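Listed below, chain by chain, are the residues.
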Amino acid sequence: MWLILSDSHDNLRKAKEIERIIIENNIKKIFHCGDFVAPFILPYFVKEEIEFYGVFGNNDGEKLLLTQKSNGKIKVGPRDFTIDNYRILMMHEPFALEAAKSSNLYDFIFFGHTHEIYTEQTEKTLVINPGESSGWLTGKASVILLEPKSKKWEILYI
């Protein structure tokens, strides 16, 4: 099971709930689409036994320490990579979203920034914005669980 989240914006109370979700759902991979804000939130998401992938968001000011504390697992987006034979594009701001969707290059596209949940299945690509995991802007904190093989996903409100 994979976990997709974004826009955690230093909400430690929600981060603790997400940590519980990670354990309860036997999460194998975590994808964070940016706006961590400060490095002190990382221990809730970056675990030694779980693969972690992240991109910087527009509110991530302490990039050097975020890079160090994540062991280099947070990168500048858009980030294009392949894991488990799935080609993935991750970004914070969805500037390249339409071009990426129409390219049919990706199995999954994950993005954040808008603080609104968005999902779309094209012919090949599942596009996911998990909304905001902080709940600061909309009052609704959310993450998405994804079973990559079946492309079945579920929104969890925190």
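Whatever comes next refers back to the structure up there.
Quick caveat, the model's predicted, so the values are computed rather than measured.

Caption draft 1: Structural context of the pairing of strand β8 (residues 117–121). As defined by bridge partners, β8 adjoins strand β9 (residues 126–130) across 5 bridges and the pair is classed as antiparallel. Bridged to Q121 within β9 is L126.

Caption draft 2: Main features of the environment of W153. Position of W153 among the secondary structure elements: in strand β11 (residues 152–157). Residues W153 and W2 lie 151 residues apart in sequence; the distance between their C-alpha atoms is 9.3 Å. Contacts of W153, omitting those with residues within four sequence positions, involve T119, L126, I144, L145 and L146.

Caption draft 3: Layout of unusual backbone geometry. G77 connects to P78 through a cis peptide bond whose omega is -5°. Of note, V37 is a non-glycine position whose phi angle comes to about 90°, a positive value. Tracing the chain through its elements places V37 in the loop between β2 (29–32) and β3 (51–55).

Caption draft 4: Broad picture of the nonpolar core. Ranked by internal contacts, the top residues of the largest apolar core, which has 22 residues, are L3, I30 and F45. Counting residues per element, the ones that place at least two in this core are β1 (2–5), α1 (12–24) and β10 (142–147). Of all the elements, α1 adds the most residues to this core, at 4 residues. Apart from residues no more than four positions distant in its own chain, L3 is found in contact with I18, I21, I22, I27, K29, I30, F31, V143, I144 and L145. With 17 residues, the next largest nonpolar core counts W2, C33, Y86 and I144 among its residues.

Caption draft 5: Spotlight on the pairing of β11. When β10 meets β11, the two strands line up antiparallel, connected through 6 bridges. Opposite V143, over in β11, you have L156 as the bridge partner.

Calculation criteria
Numbers given for residues are sequential positions, taken from 1 along each chain in its written order. Where local features are concerned, this predicted model is filtered to residues with pLDDT of at least 70; where side-chain atom pairs are given and counted, the filter is 80 or more; whole-chain, interface and lining totals use all residues. The side-chain numbers reported here are obtained from all heavy atoms of the structure, hydrogens and water having been left aside. A pair of strands is labelled paired if DSSP reports no fewer than 2 bridges between them. Secondary structure follows DSSP: runs of H or I at least 4 residues long count as helices, runs of E at least 2 residues long count as strands, and numbering of each begins at the N terminus. A contact between two residues is defined here by any heavy atoms of the two lying within 4.5 Å. The criterion is simple. A nonpolar core is a set of buried Ala, Val, Leu, Ile, Met, Phe, Trp, Tyr and Cys residues joined through side-chain atoms within 4.5 Å. Only protein chains enter the calculation, and the probe is 1.4 Å; a residue is then buried if its accessible area is under 20% of its type maximum, exposed if over 50%, and partly exposed in between.

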